[in-house]
Amino acid sequence: MLGLSLREVSAALKQGQVSPMELCQKCLSLIKETKFLNAYITVAEEKALKQAEESEKRYEKGQALGVLDGIPVAVKDNFSTAGIETTCASSMLKGYIPPYNATVVQKLLDQGAVLLGKTNLDEFAMGSGSTDGIFGPVRNPWSYSKQYREKRKQSHHRADEDSNWLITGGSSGGSAAAVSAFTCFAALGSDTGGSTRNPAALCGLVGLKPTYGLVSRYGLIPLVNSMDVPGILTRCVDDAAIVLGVLAGHDPKDSTTTQDPVGPFILPILRDVSKLCIGIPKEYNVPELSSEMQAFWSKAADLFASKGAKVVEVSLPHTSYSIVCYHVLCTAEVASNMARFDGLEYGHRCNVNVSTEAMYAATRREGFNDVVRGRILSGNFFLLRENYDDYFVKAQKVRRLIANDFVKVFNSGVDVLLTPTTLSDAVPYLEFIKEDNRTRSAQDDIFTQSVNMAGLPAVNVPMALSSQGLPVGLQLIGRAFSDQQLLTVAKWFEEQVQFPVIQLQELVDNCPTFSQHEKLGLVSLKRNLSKTKDWRYYGESKRKKLGPCRTNTFSQIKIKTNFTSHFGF
């Protein structure tokens, strides 16, 4: 039951095959069994059971509110939830209970969804591994999958080597782990530079970043106002479309949302792709991209071409400057947004009473981790009067050039861009933490952040398993407000590649609430693996060791030189 799609479980609820209370209890039990994944910060068990009980009464009366009625969901812990602690995984907000719901949370509740709890993340969503929050790192469920452990045995590694667990990606890693481990059917993340698509790729999920302005940001604790977008994590494209249909639309509380009416995102069956033009950005073929990921990318392009689509190489010439541009704009907005956390109105307050200034400084030193303080420091440097024109203004101009690159490509007749989502599959935690947060974020956001700067929709679709038995995802990018077309193409691609479901026998064996039938369903493959394409494990047998990213240098001199010499501002 927990492995069904939203439409399937909704039909089961309507037919009485399972009740909302039973479904909620199963998910809550599995959350407890998988607590070691550290996917959840807060589990709102009492509220969830009450919501499930109310849903059950509606079903008994034949008055279900919609497809999501009675279906368990989770929300990243940087969305405000009335009566439920919202921490952003930071000491600064530990104990903070908002008096209101974020618009996207309220829309889910209005449709009868059951909110199980709040999921883990990097502190204030600043990171790409979900490793830097105060509640500890999130573990990727694929670390314990049969597919991954069998590959490790073949490589003469200890299959039960617990210290070698994998990261989920970030910053929405808790939401990704929650969906991947079947503890909920969908989850909300946030996406500022790839924070929904990155963990979706590493956890074998669909991760959707909608067009900027399609979904309200009200109640999403801001990181970068001009780039933040609520993201959606599900196990299939249809589910993402259903959730988007619930969340999309104008919100009077968010002036950046579209004024145009938005209907449900019903995805037509795409049988003929001969009229599609798929663009392959040549600048995304970077040296740091593992040869295995490159092979999967090439195979996906060949798949579209073999089915009749037109596949063309395109150029996004300012891509190489996007990471540096993103860093300047991101940290500048972070510095502005984090100024509200001063110890006066809400959140953490230190015990220093020497002066107001001393209280401010001590509160922020105690409340923020090194990553957040570092970004605040960088942002304030870029916003200094003597630096403003050289950094912030120039970065805004470069951002416009990056956005125009996408406009030109789509105006040339390209319908969708096909790119990698990440440089490689998931890496072990102990390997990930060898490099600092800034370096890792620069590497991991290389394919994703330019989409946020351009305000475009993008979705990660899981494609296959790597030579290590781990998920590999690819990114599809569409025109602004062409989210339905993008998801239609993504659904076609999903149906072609037939990605297998994670096999988590070890996680469910000890869960007493599952029947044997449900356990078998949970660990079975989504499709008959005998029909699996032979390229699902295509690629090199050993993942290429990644070298340092050539765009991860953020020295003041490099930023200034890049902007000045190449654009002459």
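Counting starts from 1 at the beginning of each chain's written sequence and moves along it residue by residue. Confidence filtering applies because this is a predicted model: local features only for residues at pLDDT of at least 70, side-chain atom pairs given and counted only at 80 or more, and all residues used for totals across whole chains, interfaces and linings. Each side-chain value is derived from all of the structure's non-hydrogen atoms; neither hydrogens nor water enter the calculation.

**Things to note about the pattern of salt bridges**
The cut-off we apply is this: Basic side-chain nitrogens of Lys or Arg form a salt bridge, by our definition, when they fall within 4 Å of a carboxyl oxygen of Asp or Glu. Put simply, DSSP marks the helices as runs of H or I at least four residues long and the strands as runs of E at least two long, and each gets a number from the N terminus on. Any residue under 20% of the maximum accessible area for its type is buried, any over 50% is exposed, and the rest in between are partly exposed; the area is computed with a 1.4 Å probe on protein chains only.
Considering all chains together, one arrives at 10 salt bridges under this definition. A salt bridge links Lys 32 to Glu 45; the nearest nitrogen and oxygen atoms lie 3.6 Å apart. With Lys 32 in helix H2 (residues 20–33) and Glu 45 in helix H3 (residues 45–60), this residue pair connects regions lying 13 residues apart in the sequence. With relative accessibility at 54%, the residue Lys 32 sits in the exposed group. Between Arg 197 and Asp 191 there is a salt bridge whose closest N-O contact spans 2.8 Å. Grouping residues by exposure puts Arg 197 and Asp 191 together as buried.

**Observations regarding unusual backbone geometry**
A cis amide bond links Gly 170 to the next residue, Ser 171, at an omega of 10 degrees. Look at Ala 89: it is not a glycine, yet its phi comes out positive at around 55 degrees. With respect to the helices and strands, the residue Ala 89 is situated in the loop between strand E2 (72–76) and helix H4 (103–110). Of note, the phi angle at Ala 125 is positive, near 65 degrees, even though the residue is not glycine. Inspection of the secondary structure puts Ala 125 in the loop between strand E3 (114–119) and helix H5 (146–154).

**A word on the sheet that holds strand E8 (residues 310–314)**
Filter applied, for reference: A pair of strands counts as paired when DSSP detects no fewer than two bridges linking them. Helix axes are fitted to C-alpha atoms over the stretch in contact, other axes to C-alpha atoms as well, and angles between N-to-C directions run from 0 to 180 degrees. Residue contacts follow a heavy-atom distance rule, with two residues in contact if any of their heavy atoms lie within 4.5 Å.
Strand order in the open sheet made by the 11 strands is E1-E3-E2-E4-E6-E5-E10-E11-E9-E7-E8, with mixed pairing throughout. In the strand order of this sheet, the two ends are held by strand E1 (40–43) and E8, each with one partner. Going across the sheet, the axis of each strand differs from the next one's by a mean of 30 degrees, ignoring polarity. As judged from the 5 bridges shared by strand E7 (residues 277–281) and E8, these two strands associate in the parallel manner. Bridge pairing in E8 links Ile 278 to Val 311. Seen against the sheet, H2 touches E1, E2 and E3 and runs at an angle of roughly 15 degrees to E3.

**A word on the side chain of Ser 143**
The test is simple: For this analysis, a polar contact is any N or O atom pair within 3.5 Å, provided that within protein one partner can donate a hydrogen and the other can accept it, and provided that sequence-adjacent residues contribute only side-chain to side-chain pairs.
Assignment of secondary structure puts Ser 143 in the loop between E3 and H5. Judged by relative accessible area, which is 4%, Ser 143 ranks as buried. In this structure the side chain of Ser 143 is engaged in a polar contact, spanning 2.8 Å, whose partner is the backbone nitrogen of Leu 166. Among all residues touching Ser 143, those that are not within four sequence positions of it are Tyr 148, Arg 149, Trp 165 and Leu 166.

**Here we look at the environment of Tyr 360**
Counting through the fold element by element, Tyr 360 comes out in helix H11 (residues 356–367). Residue classification places Tyr 360 among the partly exposed residues on the basis of a relative accessible area of 30%. Beyond its immediate sequence surroundings of up to four residues, Tyr 360 is in contact with Asp 342 and Leu 344.

**Thoughts on the packing of helix H12 (residues 370–383) against helix H13 (residues 385–411)**
Put simply, the test is: Roughly parallel covers angles under 35 degrees, roughly antiparallel covers those over 145, roughly perpendicular covers 65 to 115, and oblique covers all other angles. Each residue receives one of three labels: charged for Asp, Glu, Lys and Arg, nonpolar for Ala, Val, Leu, Ile, Met, Phe, Trp, Tyr, Cys and Pro, and polar for the others, Gly being one of them.
Packing of H12 against H13 brings their axes to within 5 Å, and their N-to-C directions diverge by 95 degrees. Classified by the interaxial angle, the pair formed by H12 and H13 is roughly perpendicular. Only Arg 385, Asn 387, Tyr 388, Tyr 391 and Phe 392 of H13 make contact with H12, whose side of the interface consists of Phe 381, Phe 382 and Leu 383. Taken together, the residues that form the contact of H12 with H13 break down as 6 nonpolar, 1 polar and 1 charged.

**Describing the environment of Ile 41**
Relative to the helices and strands, Ile 41 is located in strand E1. Separated by 133 residues in the primary sequence, Ile 41 and Gly 174 have C-alpha atoms spaced 8.5 Å apart.

**Describing the nonpolar core**
Convention followed: We call a set of buried Ala, Val, Leu, Ile, Met, Phe, Trp, Tyr and Cys residues a nonpolar core when their side-chain atoms join them within 4.5 Å.
Leu 116, Phe 124, Leu 418 and Phe 493 are the most contacted members of the largest nonpolar core, which has 165 residues in total. With near-sequence residues (within four places) excluded, Leu 418 lies in contact with Ile 278, Gly 279, Ile 280, Pro 281, Trp 297, Ala 300, Ala 301, Phe 304, Leu 474, Gln 475 and Leu 476.

**Here's the deal with the packing of aromatic side chains**
Stated precisely, the cut-off is as follows: Pairing of aromatic rings covers Phe, Tyr and the six-membered ring of Trp, with a centre-to-centre limit of 6.5 Å; geometry is then stacked below 30 degrees between planes, edge-to-face above 60, and tilted otherwise.
Applying the stated criterion to the full structure yields 16 aromatic pairs. Between Tyr 100 and Tyr 218, the aromatic rings sit 5.5 Å apart at their centres with planes inclined by 40 degrees, giving tilted as the arrangement. Remark: Tyr 218 occurs in the loop between strand E5 (206–209) and strand E6 (229–234) and Tyr 100 occurs in the loop between E2 and H4; sequence separation between them is 118 residues. For Tyr 218, a relative accessible area of 27% translates into the label partly exposed. The rings of Tyr 96, Phe 124, Phe 341, Tyr 346 and Phe 368 are connected pair by pair, giving a single aromatic cluster.

**Considerations on H3**
Where we set the bar: Helix span, expected: 1.5 Å multiplied by one less than the number of residues in the helix. The arc in question is the one spanned by the directions pointing from the helix axis to the C-beta atoms.
With 16 residues, H3 extends 22 Å between its outermost C-alpha atoms, agreeing within 8% with the 22 Å of an ideal straight helix rising 1.5 Å per residue. Listing the buried residues of H3 in full gives Ala 48, Gln 51, Ala 52, Ser 55, Arg 58 and Tyr 59. Projected down its long axis, H3 shows its buried positions confined to an angular sector of 115 degrees, all on one face. Turned more than 90 degrees away from the buried face of H3 sit Glu 46, Lys 50 and Glu 60, all of them exposed. As for H3, its buried residues are in contact with helix H1 (6–14), H2, H4 and E3. Where H3 terminates, the next one or two residues include Gly 62, which has phi positive at roughly 70 degrees.

**Here we look at the pairing of E5**
Side chains of E5 alternate between two faces, with Val 206 and Leu 208 and Gly 207 and Lys 209 buried alike. Two strands pair when backbone bridges link them, and E5 and E6 are joined in this way by 3 bridges, in the antiparallel orientation. Directly across from Leu 208, in E6, lies its bridge partner Ile 232. By the bridge criterion, 3 bridges tie E5 to strand E10 (residues 458–465) in an arrangement that is antiparallel. Along E10, the bridge assignment pairs Gly 207 with Asn 460.

**A closer look at the confidence of the model for the protein**
Using the following cut-off: pLDDT measures how confident the predictor is about each residue, on a scale from 0 to 100.
Averaged over every residue, the pLDDT of the protein is 89; residues scoring 70 or more account for 87%. In the predicted structure, residues 510–569 sits below a pLDDT of 50 and forms 144 contacts with residues beyond four places in sequence or in another chain.

**Looking at the side chain of Asp 445**
The cut-off we apply is this: Charged-residue counts in this description rest on Lys and Arg as positive and Asp and Glu as negative, His and the chain ends being excluded.
Counting through the fold element by element, Asp 445 comes out in the loop between helix H15 (437–444) and helix H16 (449–454). Here Asp 445 is buried and forms no salt bridge, its nearest opposite-charge partner Arg 375 lying at an N-O distance of 6.1 Å. Those residues in contact with Asp 445, other than ones at most four positions away along the chain, are Ser 128, Gly 193, Ile 323 and Tyr 326.

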